Amino acid sequence: MAAPLTSLSSTTNIMLAIFEKKTTFVDLYRPLHNYIAFNYSEREAQNLEDDLQTLKQYRSDLERQPDPTPTSRRNLLQNYFKVLCLVETRFPISPDKDHINIITFTWNDAFNLYPPTVTNPP
């Protein structure tokens, strides 16, 4: 015989909270602008000024969290990720001396209280 429905409805639902990682200031604008001006021309850097300002604004918004609602945070993270994907395919960022080598990221583990790790991207 099947168990009564009342016993199934009394079970407790448990949800795991996963907190957003902390972020620190990273200047992407200046290294990218300088790389473009040095390897191409100052005119090219000026032509890309709007795009570089957009990247800078997305990063700044992530650091400040102007609107903490989940939907706006998701949209901001998605837009920032899309821009980073475009940057990654167009500019060499690595420790190599001919690349953009002064950008470092601080990784904070949301589940670990140990000090963060500072790395250059591969």
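Anything mentioned here points back to the structure above.
Each value, and the rule that gives it
- Residues numbered from 1 in each chain as written.
- Predicted model: local features only at pLDDT ≥ 70, side-chain atom pairs only at ≥ 80, totals over all residues.
- Heavy atoms only, no water.
- Salt bridge = Lys/Arg side-chain N within 4 Å of Asp/Glu carboxyl O.
- Helix = DSSP H or I, 4+ residues; strand = E, 2+ residues; numbered from the N terminus.
- Buried < 20%, exposed > 50% of the residue type's maximum accessible area, 1.4 Å probe, protein only.
- Phe/Tyr/Trp six-rings, centres within 6.5 Å; stacked < 30°, edge-to-face > 60°.
- Lys NZ or Arg CZ within 6 Å of the ring centre and 35° of its normal.
- Core = buried A, V, L, I, M, F, W, Y, C linked by side-chain atoms within 4.5 Å.
- Contact = heavy atoms within 4.5 Å.
- 1 Å grid on protein atoms, 1.4 Å probe; cavity = no way out; pocket = protein on both sides within 12 Å on 5 of 7 lines; lining within 4 Å.
- Points joined across faces, edges and corners; volume = space filled by probe spheres on them.
- Nonpolar A, V, L, I, M, F, W, Y, C, P; charged D, E, K, R; others polar.

Visitor: Could you give an account of the pattern of salt bridges, with specific residues and numbers?
Guide: Under the defined criterion, the tally for this structure stands at 4 salt bridges. The residue Arg 64 makes a salt bridge to Asp 61 at a minimum N-O spacing of 2.6 Å. Taken together, the residues span about one helical turn, with Arg 64 and Asp 61 both in helix α4 (residues 49-64) at a distance of 3 residues. Judged by relative accessible area, Asp 61 falls into the buried class, the value being 14%.

Visitor: Could you give me a rundown of the packing of aromatic side chains, with the residues and numbers involved?
Guide: Evaluated as defined, the whole model comprises 1 aromatic pair. For the pair Tyr 35 and Phe 91, a centre-to-centre distance of 6.1 Å together with 90 degrees between the ring planes defines the contact as edge-to-face. Taken together, the positions of Tyr 35 in helix α2 (residues 29-39) and Phe 91 in the loop between α5 (70-90) and β1 (105-107) put the pair 56 residues apart, joining distant regions of the chain. Overall, the relative accessible area of 14% leaves Phe 91 in the buried class. Just above the ring of Tyr 29 sits the side chain of Lys 56; from NZ or CZ to the centre is 5.0 Å.

Visitor: Would you mind going over the nonpolar core in detail, with residue names and values included?
Guide: Membership of the largest hydrophobic core comes to 19 residues, with the highest contact counts inside it found for Leu 28, Leu 32, Leu 55, Val 87, Phe 91, Ile 100 and Ile 103. Contributions of two or more residues to this core are made by α2, α4 and α5. Leaving out residues up to four positions away in the same chain, Leu 28 has contacts with Leu 55, Tyr 80, Leu 84, Ile 103 and Phe 105.

Visitor: Give me the environment of Tyr 58: which residues, what numbers.
Guide: Counting through the fold element by element, Tyr 58 comes out in helix α4. Counting along the chain gives 19 residues from Tyr 58 to Leu 77, while the straight-line C-alpha distance between them is 8.3 Å. With residues up to four places along the chain from it excluded, the contact list for Tyr 58 reads Leu 76, Asn 79, Tyr 80 and Val 83.

Visitor: Describe the layout of surface pockets, naming the residues involved and giving the relevant values.
Guide: Gaps left between atoms show up when a probe the size of a water molecule is rolled over them. Its volume calculated, the second largest pocket comes out at about 220 Å³. Surrounding the second largest pocket, Leu 32, Ile 36, Leu 48, Asp 51, Leu 52, Thr 54, Leu 55, Val 83, Leu 86, Val 87, Arg 90 and Phe 91 form its lining. Of all the elements in the fold, those that place two or more residues in the lining of the second largest pocket are α2, α4 and α5. The residue inventory of the lining of the second largest pocket, partitioned by class, reads 9 nonpolar, 1 polar and 2 charged.

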